[in-house]
Amino acid sequence: MVLEIKKSELIGAFAPSTGALVAEELIRVKLKEAGLEDKEVYTRAETVRLCSELMHKDGVIKTNAQTLARANAELRESEEKYRLLVENANEAVLVVQDGLFKFFNCKTMEISGYSQEELASKPFAELIHPEDREMVVERHRRRLKGEKFLNVYPFRIIDKDGNVKWVEINAVLINWEGRPATLNFLTDITERKRAEEALEHRILALTQPSGELSNLALTDIIDVSLLQELQDEFASCHDVASLMFTPTGEPITKPSNFSEFCLLLRSTQKGLENCMRSDAVLGEKVAKGVPAMNPCQNFKQIMDGAVPIIIGGQHIANWGIGQVLTAPLDAEEVSRYAREIRADKDELVSASRKLKIMPGAKFVQLVDFMAIIADDLSLLGLQNLQQARDIAEQKRMEEELRKERDRARKYLDVAGVMLVVIDAEERVKLINRKGCKILGYKEEEIIDKNWFDTFIPAENRDEVKAVFKQLMAGEIQNVEYFENPIVRKNGEERIIAWQDTILRDNDGRIIASLSSGEDITERKRAEQKLQQYLTRLEQFNHLAVDREMRMIELKREVNEAYERLGEKPPYDLSFADGGKITNYELRMRK
């Protein structure tokens, strides 16, 4: 690993004998000569080279050798501890820069299957599965550009032997030798993925209609590890060989407690054929849905037994036991049979003497006990089926709910007004795109914030809170119209016209308010300007009307003067004398 040292730390190592200013100047000169004057942090290789040159400056600088030696020793010790930590990590630790491995630990080689030399010359992208390569490389490129998004995610790699493995990466941006790179931690999650896929397969199989159970395997309904554990314990406790197999005879579990004698019989072709015939006879009997017992086709003194496992009325598997000796085997008979099936007679005779004898009555009881356990397995299978269907139904409903939420979200986001849900704790639980735009915040900056303390001006807060509390208390059902200002992120205030309604839970309790808000700031400003214009117009109108009325009065006086002189009045005032002026005047003075 490359350890780094800051410029200030480098100066400090030389300062005791020269002073910080002198050390800084000398180092500045050497950095310029080395083309490193613009860096603030140096790798260990760069540091060692600079120190070496400065220490041999013919008396210009004399560093404290003991201090520097101690610092180097501490650096080496720290480096060794870090190396041990990284090399023994249970994760692959690797640094990628320019698409190449710049550092990797032993776990990286173990997961990938490549040697140190092979990885050192191999682009990181070549390890990635072709279907995941574009995604991983694109995220790596964006991370190098400083973009922030999900650091932990899974993808597939292909190891040296061609095996597909799932890994989970945790990647962070770092500075490596003065340039951007990514530090990556890879965890092999192949087994976890296989388990998840197996579980998905089980759920898929379990959720098919009950009339189609014939397509199910026992391991689709009951986990194979549970079956194996049960079988192993039963075989060990009762000293019998045991195996679970399909109705067609294919093994489901691994053999439990098979004796050396049975293994020797099965190691020969004829012995195995006789064992398979025994299984076939048992299978025919068990297919009728009842427990079965039958002498072994190899030796009649050895009994085999089996019980059916029936789930939902479907014969889905069998559970068998064998190597139960009900009477002693004759050594000469065993020797003859060994020659017949071409087995080693001495080994087979020796193995036969290790078999334990079980009374026939006890063997019958044992098979009956197995039948009881098989019934319990059947019940467990039915419960698993029902549980799986419940899970599938729940997942279906959750998916439908998610789709409904997505549709609702689209409707909210295309709305031309602000929509916001505020819970009883005064916190924002939902806001649409228009609301975010009006407020000037991103959605994640708004959700769970206190609406009133964050987005309502202090001078209006108490009044708006009072209305909200009335809504939450059920004192008012809806607020058809309410205006109040809000504060945007940049400090600007906007006037919003609200229509509020309450939201209730399934029990009818009020839990939140849904508010629809329209930004009427510009309209309000336009109304204020219009009012100003109207006021000024009325002032002008009053002046005009007063002037007109005065002119009429003057004309009337002139007309009256002419009449007193016996002459015809010069002005026609019939519009005023006929009463029309009254309406005009009233209208203008209103």
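This part is about the packing of helix α12 (residues 269-286) against helix α13 (residues 331-341). Close contact between α12 and α13 brings their axes to 7 Å; oriented N to C, the two are set at 105°. The angle between α12 and α13 falls in the class roughly perpendicular. Residue-level inspection shows Lys270, Gly271 and Asn274 of α12 in contact with α13, the latter providing Tyr337, Glu340 and Ile341.

To continue, consider a nonpolar patch on the surface. Taken together, the side chains of Leu530, Tyr533, Leu534 and Leu537 define a hydrophobic patch exposed on the protein surface, amounting to about 400 Å² of accessible area. Here tyrosine 533 is to be found in helix α20 (residues 521-564).

Across the two faces of strand β9 (residues 292-295) the burial differs, with Ala292 and Asn294 buried and Met293 and Pro295 not buried at all. Pairing between β9 and strand β10 (residues 302-311): four bridges, direction antiparallel. Bridge pairing in β10 places alanine 292 opposite alanine 306.

Attention now goes to the side chain of serine 513. Note that serine 513 resides in strand β16 (residues 510-519). What makes serine 513 buried here is its relative accessible area of 1%. Discounting chain neighbours no more than four positions away, the residues touching serine 513 are Val420, Val421, Ile422, Phe468, Leu471, Met472, Thr501 and Ile502.

What follows deals with the nonpolar core. Residues Leu218, Phe234, Met244, Ile309, Ile316, Trp319 and Ile321 are the most contacted members of the largest nonpolar core, which totals 28 residues. Secondary-structure elements contributing two or more residues to this core are α9 (218-221), α10 (224-238), β10, β11 (314-325) and α15 (360-414). In terms of residues, this core owes the most to one element, α15, which gives nine residues. In this structure, isoleucine 309 is in contact with Leu218, Met244, Gln314, His315, Ile316, Ala317, Trp319, Ala374, Leu377 and Ser378, ignoring residues within four places of it in sequence.

What follows concerns α13. Of the residues making up α13, those classed as buried are Val334, Ser335, Tyr337, Ala338 and Ile341. Projected down its long axis, α13 carries its buried residues within an arc of 165°, all on one side. Residues of α13 that are exposed and point more than 90 degrees away from the buried face comprise Glu332 and Arg339. Buried residues belonging to α13 abut α11 (260-266), α12 and α14 (345-352). A distance of 3.1 Å separates the backbone nitrogen of glutamate 332 from a side-chain oxygen at the start of α13, and that oxygen is part of aspartate 330. Phi for arginine 342, located one or two positions after α13, is positive at around 65°.

Before going further, it helps to examine the side chain of asparagine 484. Here asparagine 484 lies in strand β14 (residues 478-487). Taking relative accessible area as the criterion, asparagine 484 reaches 5% and is therefore assigned buried. Engagement of the side chain of asparagine 484 in a polar contact is seen with the side chain of tryptophan 498, the distance being 2.9 Å. Those residues in contact with asparagine 484 that lie beyond four places of it in its chain are Ile456, Val464, Arg494, Ile495, Ile496 and Trp498.

A few words now on the packing of α13 against α14. Remark: α13 packs on α14, axes separated minimally by 9 Å, with the N-to-C direction vectors making an angle of 140°. Of the possible angle classes, the one that applies to α13 and α14 is oblique. In this structure, the crossing between α13 and α14 has a hand that is right-handed. Facing Ala331, Val334, Ser335, Ala338 and Arg339 of α13, the residues of α14 in contact are Lys345, Leu348, Val349 and Ser352. Here the residues of the contact of α13 with α14 are counted per class, giving five nonpolar, two polar and two charged.

Definitions and limits used
- Residues numbered from 1 in each chain as written.
- Predicted model: local features only at pLDDT ≥ 70, side-chain atom pairs only at ≥ 80, totals over all residues.
- Heavy atoms only, no water.
- Axes fitted to C-alpha atoms, helices over the stretch in contact; angles between N-to-C directions.
- Helix = DSSP H or I, 4+ residues; strand = E, 2+ residues; numbered from the N terminus.
- Parallel < 35°, antiparallel > 145°, perpendicular 65-115°, else oblique.
- Contact = heavy atoms within 4.5 Å.
- Patch = residues over 30% accessible without salt bridge, like charges linked within 9 Å, V, L, I, M, F, W, Y side chains within 5 Å.
- Areas by Shrake-Rupley, 256 points an atom, 1.4 Å probe, with all protein chains shown as cover.
- Salt bridge = Lys/Arg side-chain N within 4 Å of Asp/Glu carboxyl O.
- Buried < 20%, exposed > 50% of the residue type's maximum accessible area, 1.4 Å probe, protein only.
- Pairing = 2+ DSSP bridges.
- Core = buried A, V, L, I, M, F, W, Y, C linked by side-chain atoms within 4.5 Å.
- Arc of directions from axis to C-beta.
- Polar contact = N/O pair within 3.5 Å; in protein donor to acceptor, adjacent residues only side chain to side chain.
- Left-handed = near helix turned anticlockwise from the far one by under 90°.
- Nonpolar A, V, L, I, M, F, W, Y, C, P; charged D, E, K, R; others polar.

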